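Tertiary structure, described
Chain residues, written in single-letter form:
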Amino acid sequence: MKKWIALSMLVVIVLSLVPVSATPALACGEEECGCTLTQGYWKTHSKYGPAPYDAGWISSAYGEDMADWDYRGSGYTFYQVLNSPPKGGNAWFILAAQHIATQLTWDSGRVSFLPGGVYDAWFEAETLLATYSPDAIGALKGNDPVRKRFLELAGILDNFNNGNVPGYPHCS
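From a predicted model like this one, the values you see are computed outputs, not experimental measurements.

**Thoughts on the pattern of salt bridges**
Per the stated rule, a full pass over the model turns up five salt bridges. Residue Asp54 is joined to Arg110 by a salt bridge in which the shortest nitrogen-to-oxygen separation is 2.6 Å. In this pair, Asp54 sits in the loop between α2 (39–44) and α3 (78–82) while Arg110 sits in the loop between α4 (91–107) and α5 (116–131), placing the two residues 56 residues apart along the sequence. The partner of Glu126 in a salt bridge is Arg72, and the shortest N-O contact between them spans 3.2 Å. Of this pair, Glu126 sits in helix α5 while Arg72 sits in the loop between α2 and α3, placing them 54 residues apart in sequence.

In structure tokens, the structure reads:
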């Protein structure tokens, strides 16, 4: 029973973090759907600088800056995750940084929705990052299937964040 309660709470938490404009089936047609920003941009444009603050850090759902929020129960803040080099190739940090960049770009309104495959990767990452700890994923080596999936999802989100998805160029 406790597992079901915990799982139900996790689903509620995950769904509360999904931006209101979660409509992955939409298409922009011939026009651009917005523009994307990388983890490097968000790392340097937080309230900690050094670049000018970007209000995209403010949660559209809660109206608060997310830099110091605990990231998916990991014990690390959003800002700490972006500033944590993936020690020894820790796939949790690699995926988390890409996930945060996608989340902030989306939540900031720079894109009104995520294209289907990117949305699917973002949502799966949301679940995996809340399910596994950084230490658990960091302990996985080489071609472990879970570690491999973390890296595959990170690749999809990185491709999006760098403006390599048609209709979603990098912001200039």
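Read on for the rest.
**With respect to the packing of α5 against helix α7 (residues 145–161)**
One way to put it is that α5 packs onto α7 with a least axis distance of 9 Å and a crossing angle of 135°. Between α5 and α7, the angle falls in the class oblique. Helix-helix and strand crossings are classified by hand; for α5 and α7 the assignment is left-handed. Where α5 abuts α7, its residues Gly117, Val118, Ala121, Trp122, Glu124, Ala125, Leu128 and Leu129 lie against Arg149, Phe150, Leu153, Ile156, Leu157 and Phe160. Residues belonging to the contact of α5 with α7 are distributed by class as follows: 11 nonpolar, one polar and two charged.

**A short note on the nonpolar core**
Core analysis: the biggest nonpolar cluster contains 41 residues, and Trp57, Tyr71, Trp92, Leu95, Leu114, Leu129 and Phe150 have the highest contact counts within it. Contributions of two or more residues to this core are made by α3, α4, α5 and α7. Sorting elements by how many residues they give to this core places α4 first, with 10 residues. Residues in contact with Trp57, not counting those within four places in the same chain, are Trp42, His45, Ser46, Glu64, Asp65, Met66, Ala67, Phe78, Tyr79, Leu82 and Leu104.

**Let's talk about the packing of aromatic side chains**
Two numbers describe a pair of aromatic rings. These are the distance of the centres and the angle of the planes. Taken as a whole and assessed by the stated rule, the structure comprises 17 aromatic pairs. For the ring pair Tyr71 and Trp92, a centre distance of 5.9 Å and an interplane angle of 75° mean the geometry is edge-to-face. Here Trp92 lies in helix α4 and Tyr71 lies in the loop between α2 and α3, a separation of 21 residues in the sequence. Of the two residues, Tyr71 and Trp92, both sit in the buried class. An aromatic cluster is built from Tyr62, Trp69, Tyr71, Tyr76, Phe78, Trp92 and Phe93, whose rings are joined through pairwise contacts.

What counts, and at which threshold
Residues numbered from 1 in each chain as written. Predicted model: local features only at pLDDT ≥ 70, side-chain atom pairs only at ≥ 80, totals over all residues. Heavy atoms only, no water. Salt bridge = Lys/Arg side-chain N within 4 Å of Asp/Glu carboxyl O. Helix = DSSP H or I, 4+ residues; strand = E, 2+ residues; numbered from the N terminus. Axes fitted to C-alpha atoms, helices over the stretch in contact; angles between N-to-C directions. Parallel < 35°, antiparallel > 145°, perpendicular 65-115°, else oblique. Left-handed = near helix turned anticlockwise from the far one by under 90°. Contact = heavy atoms within 4.5 Å. Nonpolar A, V, L, I, M, F, W, Y, C, P; charged D, E, K, R; others polar. Core = buried A, V, L, I, M, F, W, Y, C linked by side-chain atoms within 4.5 Å. Buried < 20%, exposed > 50% of the residue type's maximum accessible area, 1.4 Å probe, protein only. Phe/Tyr/Trp six-rings, centres within 6.5 Å; stacked < 30°, edge-to-face > 60°.

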